[in-house]
Amino acid sequence: ADGKPLALLYADVDAAKSELKSAKEEHPSLGLDIVPMGLGEAFQLHRTGAAVLIPSQDSMEAAGAPKGASPLGQELPLFACMEMAVQGEDGKP
């Protein structure tokens, strides 16, 4: 909105490829491409307003979103298992 570039960071590579194809057709002279990015850098860009995180459809639905809900503007769901433990040499967690 303020004229600054905004990175779209997709958690789903197929969604990113689909969006790239559409964007290249609409803006062929921009030289658009997809690049992999680490999670720390992605969150930093998102935190500073330089990027938008776009979750996958499957992860949104697994987190309880309705089927077919738009991923734009949604939180990126992460899933944790609080019962996991590393077994020590003595066999105890």
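The model shown is predicted, which means the values in this text are computed figures rather than measured ones.

Draft legend 1. Local environment of the overall build of the protein. Check the secondary structure of the protein and you find three helices and two strands. The order of helices and strands in the protein, counted from the N terminus, is β-α-α-β-α. A compact globule built from 93 residues should have a C-alpha radius of gyration of about 12 Å, whereas the protein, at 18 Å, is more than 25% larger. Looking at the protein as a whole, 15% of its 93 residues are labelled buried. Pairs at least 24 residues apart make up 35% of the contacts formed inside the protein by residues separated by at least 6 positions. Within the structure as shown, the protein displays about 7600 Å² of accessible surface, and the carbon and sulfur contribution to it stands at 55%. The distance from the centre of the 7 positive side-chain charges to the centre of the 14 negative ones in the protein is 3 Å.

Draft legend 2. The arrangement of the confidence of the model for the protein in detail. Per-residue confidence for the protein gives a mean pLDDT of 89, with 98% of residues at or over 70. Looking across the protein, the model is least confident in helix α3 (residues 57-62), with a mean pLDDT of 92, and most confident in helix α1 (residues 13-26), with 95.

Draft legend 3. Broad picture of the pattern of salt bridges. Summed over all chains, the structure comprises one salt bridge. A salt bridge links Lys 67 to Glu 61, with the shortest nitrogen-to-oxygen separation between them at 3.7 Å. What makes Lys 67 exposed here is its relative accessible area of 74%. Owing to a relative accessible area of 25%, Glu 61 belongs among the partly exposed residues under this scheme.

Draft legend 4. Up close: α1. Between the first and last C-alpha of α1 there are 20 Å, a value that for 14 residues agrees with the 20 Å anticipated at 1.5 Å per step. For α1, the full list of buried residues reads Ala 16, Leu 20 and Ala 23. Along the axis of α1, the buried residues cluster in a sector spanning 70 degrees; they form a single face. Turned more than 90 degrees away from the buried face of α1 sit Asp 14, Lys 21 and Glu 25, all of them exposed. Capping the start of α1, Asp 12 holds a side-chain oxygen 2.9 Å from the backbone nitrogen of Asp 14, two or three residues further along.

What counts, and at which threshold
Residues numbered from 1 in each chain as written. Predicted model: local features only at pLDDT ≥ 70, side-chain atom pairs only at ≥ 80, totals over all residues. Heavy atoms only, no water. Helix = DSSP H or I, 4+ residues; strand = E, 2+ residues; numbered from the N terminus. Rg over C-alpha atoms; globule rule 2.2 N^0.38 Å. Buried < 20%, exposed > 50% of the residue type's maximum accessible area, 1.4 Å probe, protein only. Contact = heavy atoms within 4.5 Å. Areas by Shrake-Rupley, 256 points an atom, 1.4 Å probe, with all protein chains shown as cover. Lys, Arg positive; Asp, Glu negative; His and termini not counted. Charge placed at Lys NZ, Arg CZ, Asp CG, Glu CD. pLDDT = per-residue confidence, 0-100. Salt bridge = Lys/Arg side-chain N within 4 Å of Asp/Glu carboxyl O. Expected span 1.5 Å × (residues − 1). Arc of directions from axis to C-beta. Polar contact = N/O pair within 3.5 Å; in protein donor to acceptor, adjacent residues only side chain to side chain.

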